[in-house]
Amino acid sequence: MAADSSVLLGLVEEFVSGQVDSKATETAAGVKTGQFTVLQLVEALGLSLTSSQPQTRGRGVQLLSQVLQECYSSLSEREVEVLIAFYENRLKDHYVITPHVLQGLKALTKCSVLPPGSAVSILRSIFQDVHVQSLMLAERSCVYNILINLMESHEQELKGLGADFVFGFVQSVDGERDPRNLVLAFQVARNIIHRGYDLGKFVEELFEVTSCYFPIDFSPPPTDPHGITQEELILSLRAVLTGTPRFAEFLLPLIIEKLDSDVQSAKVDSLQTLAACGQTYSHKELAEFLPGLWSSIRREVFQTASERVESAGLSALSTITSCLSRSVLNSDSEDALQIFLDLMLKDCQHHLCEPDLKLVWPSAKLLQAANGASYRASLIVSAAVIPSLLEQYNNRTQCAQRRTLLEVLQGFVQPTQNSRSAEGEDSVLLAFQQSLCSVVFSALTETSVGLQVTATRVLTALGQQPGLLAQTDVEKAVDHLTRLILEEEDSQVSLAVVECSASLANLQPKAFISRMIPRLKEEIFADPATGTDHVSQSYRAVRQRCVTALAAVSSQAEVVKESAPVLLQVLASSHAGSSGFSVEEVISVCISLERIADRTRDTEEIGQFFYDIIIPRLLGLTLQAALQSHSSPLTDEAVLSAIVPVISTACAALPTELASHMAAHAVALFLNGDVSFLPENAFPSQIQLLQGQTESRGPSQLVCLLMACVCSFPQSVDIPEIDRLLVQLEELSCTCPHLFSYTYAAKCFAGLVNKRAAGKALDVVLERVLKRISTELENISSTQRTQAFTLLLWIAKALLLRYHPLSTVLTDKLFALLSDPELGSKVADGFCVLMSDSSDVLNRNCHADVRIMYRQRFFAENSSKLVKGFNSAEQEKKSCYLKALSYIVNNLPKQVQLTELPALLPLLLEALSCPDQGVQLSTLSCLQPVLLEPPAALSNQLEALFSRMLALTTSPAMNVRIASLRCVHALSRLPEHMVLPFRARVLKALAVPLDDKKRLVRKEAVSARGEWFLLGSPGGR
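As the structure is a computational prediction, the values presented were derived from the model and not from experiment.

J.: It is not clear to me how the overall build of the protein should be interpreted in this structure. Could you clarify?
T.: Along the backbone of the protein there are 51 helices and zero strands. For the protein, whose C-alpha radius of gyration is 39 Å, the value lies well above the compact-globule estimate of 31 Å for 1021 residues. Along the first, second and third principal axes, the C-alpha set of the protein runs to 115 × 85 × 70 Å. Across the 1021 residues of the protein, 55% fall into the buried class. Here the protein has roughly 44100 Å² of accessible surface; of this, 50% comes from carbon and sulfur atoms. Each charge sign in the protein was given a centre, from 87 positive and 109 negative side chains, and these centres are 5 Å apart.

J.: Explain unusual backbone geometry to me, please; I cannot follow it from the model alone.
T.: Negative phi values dominate among residues other than glycine, just as trans dominates among peptide bonds. That bond from Phe214 to Pro215 is cis: its omega, -5°, falls within 30 degrees of zero. Considering the arrangement of structural elements, one finds Pro215 in the loop between α13 (203-211) and α14 (230-241). A positive phi is found at Tyr803, a non-glycine position, where the angle reads about 60°. Notably, Met853 is not glycine yet its phi reads approximately 60°, a positive angle. For Met853, the location among the structural elements is in the loop between α42 (824-835) and α43 (854-872).

J.: I tried to follow a negative patch on the surface on my own but got confused; where do I start?
T.: Residues Glu204, Glu205, Glu208, Glu249 and Glu288 make up a contiguous surface patch of negative charge. Considering the arrangement of structural elements, one finds Glu249 in helix α15 (residues 248-258).

J.: Explain the packing of helix α26 (residues 471-487) against helix α27 (residues 491-507) to me, please; I cannot follow it from the model alone.
T.: Angle between the axes and distance between the axes: these two values describe a pair of packed helices. With their axes 10 Å apart at the nearest point, α26 and α27 run at an angle of 145° to one another. For the pair α26 and α27, the crossing hand works out as left-handed. For the pair α26 and α27, contact is made by Leu481, Leu484 and Ile485 and by Val497, Cys500, Ser501 and Leu504, respectively. Looking at the contact of α26 with α27 residue by residue, the class counts come to six nonpolar, one polar and no charged.

J.: What am I meant to see in the packing of helix α5 (residues 54-71) against helix α7 (residues 98-108) here?
T.: Relative orientation of the contacting elements α5 and α7 amounts to 20°, with a least axis distance of 8 Å. It follows that α5 is roughly parallel to α7 by the angle criterion. Judged by the sense of rotation from one axis to the other, the crossing of α5 with α7 is left-handed. Here α5 contributes Gly58, Val61, Gln62, Ser65, Leu68 and Gln69 to the contact with α7, which in turn contributes His100, Val101, Gln103, Gly104, Ala107 and Leu108. Tallied by class, the residues present in the contact of α5 with α7 amount to five nonpolar, seven polar and no charged.

J.: Just to check I follow, could you spell out the packing of aromatic side chains for this structure?
T.: Note on aromatic pairs: each is described by the distance of the centres and the angle between the planes. The final tally for this structure, using the stated rule, is 16 aromatic pairs. The ring of Phe15 carries Arg59 above its face, with NZ or CZ at 4.0 Å from the centroid. Cation over ring: Arg402 sits above Tyr393, and NZ or CZ is 4.2 Å from the ring centre.

J.: Sorry, what's going on with the pattern of salt bridges here?
T.: Opposite charge on two side chains permits them to pair, given that their charged atoms come into close proximity. According to the stated counting rule, one finds 39 salt bridges in the structure shown. Where Arg57 meets Asp93, a salt bridge forms, and the shortest distance between an N and an O atom there is 2.8 Å. Here Arg57 is found in helix α5, whereas its partner Asp93 is found in the loop between α6 (77-90) and α7, with 36 residues between them in sequence. Here the two residues Arg57 and Asp93 agree in accessibility, since each one is buried.

J.: Looking at this model, I keep getting lost on helix α18 (residues 290-303). Mind explaining?
T.: One turn of the α-helix equals 3.6 residues, which is why residues spaced by three or four share an orientation. With 14 residues, α18 extends 20 Å from end C-alpha to end C-alpha; this agrees with the ideal 20 Å at 1.5 Å per step. Turning to α18, its buried residues are Leu290, Leu293, Trp294, Ser296, Ile297, Glu300 and Val301. Around the axis of α18, the buried residues are gathered within 165° of arc, so they sit on the same side.

J.: For this particular structure, what's the right way to read the environment of Ile615?
T.: Mapping Ile615 onto the fold places it in helix α32 (residues 604-627). Taking the C-alpha atoms as reference points, Ile615 and Cys142, 473 residues apart in sequence, are found 72 Å from one another. The residues contacting Ile615, other than those within four sequence positions of it, are Phe610, Ile647, Ala650, Cys651 and Met662.

J.: Help me understand the environment of Thr775, please; the structure alone is not making it clear to me.
T.: Residue position: Thr775 is located in helix α39 (residues 760-778). Along the chain, Thr775 and Ala788 lie 13 residues apart, while their C-alpha atoms are 9.1 Å from each other. One polar contact links the side chain of Thr775 to the main-chain carbonyl oxygen of Lys771, over a distance of 2.8 Å.

J.: Is there a simple way to think about the environment of Pro699 in this case?
T.: By secondary structure assignment, the location of Pro699 is in helix α35 (residues 698-701). With 655 residues separating them along the chain, Pro699 and Ala44 place their C-alpha atoms 96 Å apart.

J.: What is the right way to look at the state of the cysteines in this model?
T.: Taken as a whole and assessed by the stated rule, the structure comprises zero disulfides. Between Cys736, a free cysteine, and Cys734, which holds the nearest cysteine sulfur, the sulfur-to-sulfur gap is 11 Å.

J.: It is not clear to me how helix α44 (residues 878-890) should be interpreted in this structure. Could you clarify?
T.: A rise of 1.5 Å per residue sets the reference length of α44, with its 13 residues, at 18 Å; its end C-alpha atoms lie 18 Å apart and thus fit the reference within 8%. Across the 13 residues that make up α44, a large majority, 11, are buried. Every buried residue of α44 is listed here: Lys878, Cys880, Tyr881, Leu882, Lys883, Ala884, Leu885, Ser886, Tyr887, Ile888 and Val889. Structurally, α44 contributes buried residues whose contacts are with α41 (807-817), α42, α43, α45 (894-912) and α46 (917-932).

Here is what the cut-offs are and how they apply
- Sequence order as written defines the numbering, with residues in each chain counted from 1.
- The predicted origin of the model limits local features to residues at a pLDDT of at least 70 and limits the giving and counting of side-chain atom pairs to 80 or more, whereas totals for whole chains, interfaces and linings rest on all residues.
- Processing note: side-chain calculations cover all non-hydrogen atoms of the structure and skip hydrogens and water entirely.
- The way it works is that DSSP assigns letters per residue, a run of H or I at least four long becomes a helix, a run of E at least two long becomes a strand, and they are numbered from the N terminus.
- Only C-alpha atoms enter the radius of gyration; for comparison, a globular chain is expected to reach 2.2 Å times N to the power 0.38, where N is the number of residues.
- Three exposure classes are used, based on accessible area relative to the maximum for each residue type with a 1.4 Å probe and protein chains only: buried under 20%, partly exposed in between, and exposed over 50%.
- Exposure was quantified through the Shrake-Rupley algorithm and a 1.4 Å probe, taking into account, for residues, occlusion by the shown protein chains and nothing else.
- Only four residue types enter the tally: Lys and Arg on the positive side, Asp and Glu on the negative side, with His and both chain ends excluded.
- Every charge is mapped onto a representative atom, which is NZ of Lys, CZ of Arg, CG of Asp or CD of Glu.
- Residues qualify for a patch when their relative accessible area is over 30% and they have no salt bridge, like charges being joined within 9 Å and the nonpolar side chains of Val, Leu, Ile, Met, Phe, Trp and Tyr within 5 Å.
- The salt bridge definition used is simple: a Lys or Arg side-chain nitrogen within 4 Å of an Asp or Glu carboxyl oxygen.
- Interaxial angle, 0 to 180 degrees, is taken between N-to-C directions of lines fitted to C-alpha atoms, where a helix line uses only the stretch in contact.
- A crossing counts as left-handed when the near helix is turned anticlockwise from the far one by less than a right angle, and as right-handed when that turn is clockwise.
- The contact criterion used is simple: two residues touch if any of their non-hydrogen atoms lie within 4.5 Å.
- We call Asp, Glu, Lys and Arg charged. Ala, Val, Leu, Ile, Met, Phe, Trp, Tyr, Cys and Pro are nonpolar, and the rest, Gly among them, are polar.
- Here the word oblique covers every angle except those under 35 degrees (roughly parallel), over 145 (roughly antiparallel) and from 65 to 115 (roughly perpendicular).
- Each pair of aromatic rings taken from Phe, Tyr and Trp, with Trp reduced to its six-membered ring, is defined by centres within 6.5 Å and is described as stacked if the planes are under 30 degrees apart, edge-to-face if over 60, and tilted in the remaining cases.
- We call a charge positioned above a ring when the Lys NZ or Arg CZ atom is no farther than 6 Å from the ring centre and deviates by at most 35 degrees from the ring normal.
- Given the number of residues in a helix, its expected span is that number minus one, multiplied by 1.5 Å.
- Arc definition: it is the arc formed by the directions from the helix axis to the C-beta atoms.
- Here a polar contact is recorded for every N or O atom pair within 3.5 Å, except that within protein the pair must consist of a potential hydrogen donor and a potential acceptor, and residues adjacent in sequence are included only if both atoms are side-chain atoms.
- Cysteine sulfurs are considered disulfide-paired once they come within 2.5 Å of each other.

Structure (C-alpha cells):
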C-alpha cells in the first residue's frame, strides 16, 4: 500500500508541478485497475488543491477531472456526493479553475448513482456562480452537455425547479454564437418545450433568446471538420420555435417581418417554419394574424421567380388551411376557415376569369393548395370556383383559353389525401358531376392536342373518385378513348389516352371488356386498305396503338383473359400468313404480352391463366413454326428473343406447385418430345428439339424457350431429369453450327448450373464439361472452338455470380484465350458479358444465385493478371487486353472506378489509341468521372491524355466524338496552372467539331470550347 501511495504521489507531482499531461492517463489507468481509489487521489492532491497559487489549484482540479472522465462509471453514490460538493465549492474559486471544474461536473452527471437532489444543486451552482458566455467555446459546450445529461437522467428533479430552470438556461445561452454550441443549446430548448417544463413568465425571454438566430444564415467552411450543416441548425431551431403555441404571438409577426427579406433562403426558411406552425398551433393562435399571413404568402406566390419560394408558400398555405379546418364550430364563434378562404377568394377568384393574363396560374395554385388541404376547405373552394370555371369554359371559343381553363380545373378535380371524402360522405364534386363530364367529353372531341391531353387527365382524376362517373358516363368515356386510339395520330395524345385507359380499366374493367377490347380486336384484324405505302404505314400505326392499348388496360384478371387471347391470335395469324403482320408488329405483340405478365406477376389468378393458356399456346405456335417447311415470322430470331421474356417473366412469378408442373412439362417436351400439354398437338410423333441439325435450325432454336422456362424458376423448384438435360444442352452448345441455338443452349446450361446445389453431382457435371471445353479449345483445327468458348464464357459467369471456387479457374482460361489468334477479339468482347447484367438469364428476376459485389471481387482478384498479360502479350494482341480491361472497368460502380483507375491510367490511355470504336467509347465513359475528381497521377499523363482526346473529337463514330468532347470539357476543370499550356491547342482542335454534321456533337463542342475560352481570362474561372 505504501508503494502504491508513493506511486500516486509521484504521478500527482509530475502532473501538477512537472506539467507532464500524460500522467493523467497513467493515473486513470491506476484507478481503473484498482491500484488506488478516487478518494485516495483526492487525498494525494491535498496540497495542490489548497495551494495559494491558482494555477497549481487548477492543475490539481484538472488531474482529478481528467481521471473522472475515464472512471466515472465505477464511483459509488457516497463518492459522487463528496465530489459534487467539492466541485460546487470550486466554482467560487479563481476563474482559471472553472473550466476544469465544469469538465469534472460533466463527468459526474453521467454517473448512474447521482444522489437525489444533486442535479438541482449542480444547476443552481452553475447558474449562480458561472457567467457562461464569458467562458471559452469548450467550457460553454461543457455547460450545455451538463444540462442535456441531467435532463436525460433527472428530469423530474429539474422540473421541480419550475421557471427558475428556464431562466437559468436563458441567461446561460444568451449571446451564444458558435454553431457547435447552438446545436446543443437548441437541443436543451427543444427538451424544455417538448417535455413539459414550466416556462412560467419567461415565455417571451425563451423565445427571444432563440429567435434571434432566425432565419439561420450559417454556411460551414469547405474544410469544416465538425460536420455542422446549415440544414441541421435550421431544423433544430425550427423544432424550438414551433414547439409550443405559446410562442405564436411572437413568432407569427416575426415570420411576416422576415418574409419582406430580399434573401431567398430567408423567405424559404420563414415559409417552411410557418408550415411547421400549422401542425402544432390551433386556429386560435393563427386567427389574429391571418390577414398578414395571407398577404405575405400571396405576395410571394404572385411575385416570386423562384420555384422554391413558391412551393414553400403553397405548402404553408395548405398547412394553415388544414389547421383552420380542425377548428370546432360553436354557435357563438366565427368560422376562422370561412373567414380565411373568403380573403383568398376575394383576391384570387377574379383572376381565374382572365385565362390570358399571367396571374391566372398563381391564383389557381393558391386556391388549389387551399382546396386540397381538407374536405371542409374543398367544399367551400369548389363551390365558389368550379361553377365559374365551367361557365368560362363554355363561353370561350379559343382553344388556348379553353385549355388553360381546363388545366386550372384539373387542379381542383385532382383528389389529394387530405381532401378525400370520408366514408359515408359525398364527394365535393358530386354537385358538378354532369357539367364536368360534359366539358371533358366536349374537350375530347376537339382538334387541339393540348386540350385533348388535358381532358384525359381530368377524366382520370374523375374516375379515381367513387361515384363521380355514372355507368353511362363510363361507357361514353371508353367510347371516346377507343375513338382516339383508332383515329388520333399525335404521339402525345396517344400516350395520354393510353395512360387514362390504364387508370380507368383498373377501376371499371367491365366497360373496357365490353366496349374497347372488341373494337380494338376488330381493327387489328381488319383487312388493310389497298393503296399507297402511306396508307399501309398509317394502318400499321393504328394496329400498333391498338396493341399498346390492350397491354395498358390489362391489369385486372378479367381484362387479361379477354385481351391476351387477342394478342395470341395476332401471333397465330402471323404464323398462318393472314392479315399481313410484319416481324416488327409480332415483336410489338410479344412486348405487350411481357408487360402484362410483368404488371400482373403478383396476381395468382393471372399466373394460373398464363400457366393454362398463354405459355402452352406460345410453345405450341413456335413449335408448329419450327417444324413446318414454309417460312413463318415465329422462326425469326428477333421474334423468338421477344417471346423469351414473356415466358420468363410469367414462369418466374408462378407459385411453387405450378412452377414444378411447368418445369416437368418443359423438360418432357424438349427431352422426350411430349406434346400432350400443348393445344392443337398435331405434331409428329418423333420430335427432337435438342438436336443441332445442320440442315435445319428451326427446332434447335427453340432451346431459348426451354431456357426461359427452366432458368426462371426459384432454386426451390426441382428440375426433373436435370443430368440428362445438361448432357443434351452440352451436346447442343458444342456441336450446333447455328449461333442463336448454341448461344441459348450455353445460357440455359449456365442458368441451371448457377442454381444447382453445391455437391458431388454439380462437381461431376462441371468436370465433364470443362474437360470437353478444354479439348475443343486446345484443338486449333477444330470447327467448334467458338461454340466451346461460348459455353465456357457463360459457365464462367454462372459460377462467378455465386462465388464458386472453380470460377477462378475458368476466368484464368478466358485470360489465356485473349492471346488466341482466332478467338482473342471474341474473348475480349466476352468480358462485357461476364461483367454486365444479362436481361434474359442469370439475373435476380430469374431467381439466379447472384452474390453482392461480385464485380468488385472479380476486379480485385484479376486486374493484376490482366495488366501482366498485357505487358507480356505481342503487340498485335495488346488491343484484346485493352478491350477486356475497358469492359471490366466500365461495369464497376463509379466509386470503385475513382479508387482503382489511377493505377490503370497508363493502360486506359493506351486503350484510347486502340482502333476499336467500342473500346474507345467504353474507355472514355470510364475516364469522364475520373476527370471530374482527378487523381494526382493524372498530372504526369496530361500530354498523352490531350493528344488522344483531341484526336478522337474527329472520330467517324458520333458517340465517340460526343464522349471525347465531354472529357475535353471535364479537363478544363483541372487546376489552371496544369491545363493553361494546352489552351491554344485545345481551342484550335475544337474548331473542327463546331461544324460537325450532327447537332448533338456541335452542342458538346460549343459547351467545351466556351469553357476553354474562359480559362485564364479576366472574369473567367
